[in-house]
Amino acid sequence: MANFSVADLRLILTNRSEVYAAVDQILPSPERLDFLESLRRASPHSASPTRQRAAEIEQLLLQLDSVQQLGQSPLIAVSGLLNAGKSSLIASFLSPSNRSRVLVGTGNQQGTHRFVLWLPASWQQQAAVWNRWLQQLQQIFGHAPEWLSRDPQIAYAQYNGQSFPECSTVHSPLGEGTPANESLASNSKDISTFSIPLIATDAALDTLGVGLIECPDIQTGIFGSATSTPWDESDLPEYRRRLLAQAAKLCSAFIVVTKLRDLHDRQTERLLSTLKASMPGLPRILAINLVRRRYSPSEIMAESRVMLERFQIDRLYAAYDFRGELERERLPPTPEEFASFAARGEAIEHPIFFRLDRQLPDDRAPRPAADDYLLRLGKQLNQSEMVQAWRSTLTLQLQQHLLQGRDELQSLSTQQQRLIDEMRRNVAEAILSMIAVRDEAGNSVDVRLQTSKQIIRQINDSLHRTAPWWAWPSLMVDKTVAWTKEAVSSAARSVMPVTAMQQSLKGVKDWFKHSDRSQVMTADRLRKELRQRLPLESFAQWSDEKWLEICQKILDRFQNENQTLLPDAALDSWAKSIWDNMPWRKRLTTGLVPVATIFAPLAAVLFIPFDFGGSTVLVFASLKELVAAAGVAGAWAAFSGNPTPAVAEQEAAWQQYGDLVAVAMDTLGIPRPDNDSKTPRLRTSSGSRKLPTSTLTIKLERDATQPQLWHIRSEFVRFVDQFNNLSQTLKT
Ligand SMILES: Nc1nc2c(ncn2[C@@H]2O[C@H](COP(=O)(O)OP(=O)(O)OP(=O)(O)O)[C@@H](O)[C@H]2O)c(=O)[nH]1
Ligand SMILES: [Mg+2]
């Protein structure tokens with residue numbers, strides 16, 4: 001199996017070549033799409049899961065690119081419940097001058113309401129690395145970070161949720177901007193500032209070898225309240241949790257700070273679960289703060305054991321409440337890092353965390369080894385191991401996204417395919433419902449013939465061909481009559497009085513009106529039938545007018561292209577029996593009545609279109625109905641005992657039906673079925689019948705508003721299989 005780098009992978013995922021493209025788009029326009037593009041286009045909604053997945057994949061690629069550079073020192077996420085002491089823990093890592101910039105306190109105005117990054121000062125000196133950090137932060141939070149002000153008052157306001165655009169790293173990538181003091185008053189807290197991270201550097205962190213992010217608690221409202229609200233599914237704003245999970249991706253370890261009494265709180269568990277799920281491979285550290293001095297280290301340990309196992313916690317630290325006079329021997333000695341202040345007699349105003357899981361210190365008076373102080377954490381975390389863990393966590397996430405993305409595309413394509421199949425059936429059924437010959441129970445038995453110009457002419461020719469000798473004289477009179485739409489009017493008028501012609505026309509129209517009206521297909525009726533049957537979400541953007549236009553196009557094209565004819569032999573045998581059964585043969589024999597008078601009503605069928613404002617309509621009628629409509633009573637008898645023409649007529653009618661459905665699919669932009677299994681089956685009272693295949697040329701109309709149809713490329717599907725073990729395939 002080939003190995004590829006992150007850069008290769010990025011090229012593959014954004015490549016439309018024959019080899020790497022993910023999707024062949026068939027509708028609305030033929031196009032090849034790369035993987036990320038397909039995920040973005042899979043849904044029109046901007047917040048769709050596939051779109052988010054594409055963004056996540058891009059983010060992970062960028063992070064994987066940066067792991068090596070950014071992983072030189074660990075960045076640790078510090079999170080925890082409200083007032084757990086997160087800010088106090090972070091302040092304990094900072095130089096005395098910077099501690100005053102950290103907002104600590106339980107009050108409403110003393111909470112951390114933004115992500116605050118404290119980074120080693122040396123990171124800023126390496127321009128390339130620093131810019132990568134800024135880039136990563138911008139990508140994760142969606143905003144460039146803002147410098148934490150050197151003025152503690154302004155810094156507190158920033159911690160508290162106020163934003164000072166002039167402090168943005170966009171304006172001064174290498175140093176703090178200075179907000180005017182009046183902006184402090186005018187600047188109001190805004191919900192969006194939550195996602196603008198704050199950033200500051202401190203040389204003490206170089207010594208300790210660690211960067212820290214304070215994550216705002218996620219159980220309270222953004223601006224917090226002294227009383228915490230219950231953190232349950234409904235009131236946990238999803239985007240804050242997501243942001244925390246995102247931020248954790250920058251880190252190579254995380255610390256969850258909690259008070260002893262909150263240790264088993266559901267909120268603590270939720271927080272640990274979130275972090276564990278978002279960065280499963282990273283070291284998890286639990287820091288219990290504000291422990292009353294009456295609890296011994298072994299009691300704290302006993303109390304925590306279940307949590308350690310449940311969340312596979314890697315390290316457990318605890319810090320006793322640093323205020324108060326009782327049992328002071330439980331406070332561990334000041335670590336070396338604080339010694340200078342202690343020597344000057346300053347009270348230590350910060351929690352001192354020491355480790356409990358490695359070796360239990362003396363219960364009465366804990367004397368942790370130097371390495372057991374949390375302050376030494378940065379030095380102890382094996383950076384190359386952590387970079388490895390960081391990288392493999394990111395890789396694992398990438399792998400999941402890639403595989404899930406592929407599966408999503410596959411199921412989307414199946415779904416689209418199914419929708420198209422359904423639409424084919426809907427179109428076929430809509431048209432069938434308009435032209436079916438039904439039995440008494442209303443079930444369709446057969447389909448009606450479309451009485452096209454060609455077929456009417458064919459009938460006329462056949463009647464002439466089969467005419468008996470006694471009809472010849474009147475046929476002579478009638479010789480010039482061509483029963484076509486264009487000629488019938490004047491021809492008929494020349495052989496019979498206008499009123500008689502009008503009567504015939506009226507008779508035919510009445511006949512159609514009185515019988516099942518579905519025999520006249522207008523664009524409007526076709527629209528109604530199609531819209532009733534097609535799934536609501538398809539063609540959602542089409543207006544009534546657009547639908548009418550499309551349906552008219554279907555009728556026009558069918559009328560122009562339909563070439564179906566009846567077989568002459570069968571037709572002649574039918575025409576012959578009409579002559580044989582002719583009741584007026586006597587009068588015809590004497591040459592008194594021209595043939596046209598009898599069959600003019602037949603031709604009148606062709607006039608019907610003019611009753612619909614001149615636009616194409618299709619008239620469907622069986623030969624039997626046509627003759628009945630024409631009032632040729634005797635001809636009725638011609639049908640009994642002569643089934644041959646009926647079979648031929650049915651064949652022609654089904655072929656026309658297949659052609660009309662094909663034209664409708666083309667015009668609607670639904671691809672015709674390309675194999676037997678996709679061809680709709682129609683239920684008739686005699687069983688099921690397959691939609692006849694049309695021989696008319698495919699002229700698929702394309703329009704951006706048509707439904708989408710994608711084929712996932714099998715090469716791509718196979719290729720993604722390599723991602724099943726991405727950590728092996730991805731070069732470091
Ligand atoms: N007495 C005592 N108070 C402490 C100790 N550690 C922290 N505190 C106090 O607890 C309060 C909350 O501490 P913070 O560090 O602000 O807590 P936080 O987790 O940052 O709080 P939010 O950002 O509001 O969620 C502050 O008033 C701290 O001074 C301690 O060991 N002893
Ligand atoms: Mg805080």
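Residues numbered from 1 in each chain as written. Chains lettered and ligands numbered in written order. Predicted model: local features only at pLDDT ≥ 70, side-chain atom pairs only at ≥ 80, totals over all residues.

Looking only at helices and strands, one finds 29 helices and 18 strands in the protein chain. Counting every position in the protein chain, which comprises 732 residues, the buried fraction comes to 41%. Here the analysis covers contacts within the protein chain between residues at least 6 apart in sequence; of these, 79% occur between residues at least 24 apart. (Helix = DSSP H or I, 4+ residues; strand = E, 2+ residues; numbered from the N terminus. Buried ≥ 20, exposed ≤ 12 C-beta atoms within 10 Å, placed from the backbone. Contact = placed C-beta atoms within 7 Å.)

Turning our attention to the environment of Asp659. By secondary structure assignment, the location of Asp659 is in helix H27 (residues 644-668). With 22 C-beta atoms packed within 10 Å, Asp659 lands in the buried category. Sequence-wise, Asp659 and Gln563 are 96 residues apart; in three dimensions their C-alpha atoms are separated by 9.6 Å. Ignoring sequence-local partners within four residues, the contact set of Asp659 consists of Phe558, Asn562, Thr564, Ser694 and Leu696.

Take the nonpolar core next. Core analysis: the biggest nonpolar cluster contains 107 residues, and Ile213, Phe254 and Ala287 have the highest contact counts within it. Per-element tally for this core: the top contributor is helix H16 (residues 383-435), with seven residues. Setting aside anything within four residues of it in sequence, one finds Ala287 in contact with Leu89, Ile255, Val256, Val257, Tyr317, Phe353 and Leu374. In this structure, Leu463, Met521, Ala523 and Phe558 belong to the second largest nonpolar core, which totals 51 residues. (Core = buried A, V, L, I, M, F, W, Y, C linked by C-beta atoms within 7 Å.)

A few words on the pairing of strand S4 (residues 116-120). The element S4 is largely enclosed, with a buried count of five among its five residues. Across five bridges, the pairing between S4 and strand S6 (residues 198-202) is parallel. Bridge pairing links Leu117 to Ile199 in S6. The pairing of S4 with strand S7 (residues 211-214) spans three bridges and is antiparallel. Residue Leu117 lies in a different strand from S7, and its bridge partner there is Ile213. (Pairing = 2+ DSSP bridges.)

Strand order in the open sheet formed by nine strands is S5-S6-S4-S7-S3-S8-S9-S10-S11, with mixed pairing between adjacent strands. The sheet is open, and its two borders are formed by strand S5 (146-147) and strand S11 (354-355), each paired with just one other strand. Across six bridges, the pairing between strand S8 (residues 253-259) and strand S9 (residues 284-291) is parallel. Its bridge partner being in S9, Phe254 is matched across the sheet by Arg284. Sheet strands touched by helix H12 (residues 266-278): strand S3 (75-80), S8 and S9. Its angle to S8, the strand with the most contacts, is close to 180°. (Axes fitted to C-alpha atoms, helices over the stretch in contact; angles between N-to-C directions.)

So, about the site of ligand 1. Neighbouring residues of ligand 1: 22 residues in total, closest Lys86, Ser87, Ser88, Gly111 and Thr112. Of all the secondary structure elements, the ones that give two or more residues to the shell around ligand 1 are helix H4 (86-91) and S9. Of all the elements, H4 adds the most residues to the shell around ligand 1, at three residues. Classifying every residue of the shell around ligand 1 by side-chain character gives seven nonpolar, 11 polar and four charged. (Near = placed C-beta within 6 Å. Nonpolar A, V, L, I, M, F, W, Y, C, P; charged D, E, K, R; others polar.)

As summarised here, the arrangement of the three strands in space is S2-S1-S18, forming an open sheet in which the pairing is antiparallel. Every other strand in the sheet has two partners, leaving strand S2 (31-33) and strand S18 (709-712) as the edge strands with one partner each. Neighbour-to-neighbour, the strand axes of the sheet open up by a mean angle of 30°, direction not taken into account. Two elements, strand S1 (residues 23-27) and S18, share four bridges in a ladder whose sense is antiparallel. Across the sheet, residue Val23 finds its bridge partner in S18, namely Ile712. Seen against the sheet, H16 touches S1 and S18 and runs at an angle of roughly 135° to S18.

So, on to unusual backbone geometry. In this model, Leu27 is joined to Pro28 through a cis peptide bond whose omega is 0°. One non-glycine residue, Asn83, lies in positive phi territory at about 60°. Structurally, the position occupied by Asn83 is in the loop between S3 and H4. Look at Asn83 and you get buried, because 25 C-beta atoms sit within 10 Å.

The next thing to look at is the packing of helix H3 (residues 49-70) against helix H7 (residues 127-141). One can describe the packing of H3 onto H7 by two numbers: an axis separation of 11 Å at closest approach and a directional angle of 150°. The orientation of H3 with respect to H7, classified from their angle, is roughly antiparallel. Crossing geometry of H3 relative to H7 is assigned as left-handed. For the pair H3 and H7, contact is made by Gln59, Leu62, Gln63, Ser66, Gln69 and Leu70 and by Val129, Arg132, Trp133, Gln136, Gln139 and Ile140, respectively. (Parallel < 35°, antiparallel > 145°, perpendicular 65-115°, else oblique. Left-handed = near helix turned anticlockwise from the far one by under 90°.)

This part is about helix H22 (residues 544-561). Taking 1.5 Å per residue as the helical rise, H22 with its 18 residues ought to reach 26 Å, and the 26 Å between its terminal C-alpha atoms agrees with that figure. Among the residues making up H22, those that are buried are Ile550, Cys551, Ile554, Leu555 and Phe558. For H22, the arc enclosing every buried residue in end-on projection is 135°, short of the 170-degree limit, so these residues lie on one face. Across H22 from its buried face, at more than 90 degrees, point the exposed residues Glu545 and Asn560. (Expected span 1.5 Å × (residues − 1). Arc of directions from axis to C-beta.)

Helix length check: helix H17 (residues 453-466), at 14 residues, gives a terminal C-alpha distance of 20 Å against a target of 20 Å (1.5 Å per residue), a fit within 8%. Residues of H17 that are buried include every one of Ile455, Ile456, Ile459, Asn460, Ser462 and Leu463, and no others. One side of H17 holds all its buried residues, which, seen down the axis, span an arc of 165°.

Bringing the environment of Gly85 into the picture now. With respect to the helices and strands, the residue Gly85 is situated in the loop between S3 and H4. Between the C-alpha atom of Gly85 and that of Thr106, which follows or precedes it by 21 residues, the distance is 9.2 Å.

As a further point, take the pairing of S3. A large share of S3 lies buried, amounting to six of its six residues. When S3 meets S7, the two strands line up parallel, connected through four bridges. Each residue of the ladder has a partner; that of Ile76, found in S7, is Leu212. Across five bridges, S3 lies against S8 in parallel orientation. Bridging from a neighbouring strand, Ser79 pairs with Val256 of S8.

In low-pLDDT regions, the fine details of the predicted coordinates are not to be read closely. Scored by pLDDT, the protein chain has a mean of 82; 80% of the residues are at 70 or more. In the model, residues 185-189 has pLDDT below 50 throughout and makes six contacts with residues more than four positions away in sequence or in other chains. Segment residues 477-489: pLDDT under 50, and 23 contacts once partners within four positions in sequence are set aside and those in other chains are kept. (pLDDT = per-residue confidence, 0-100.)

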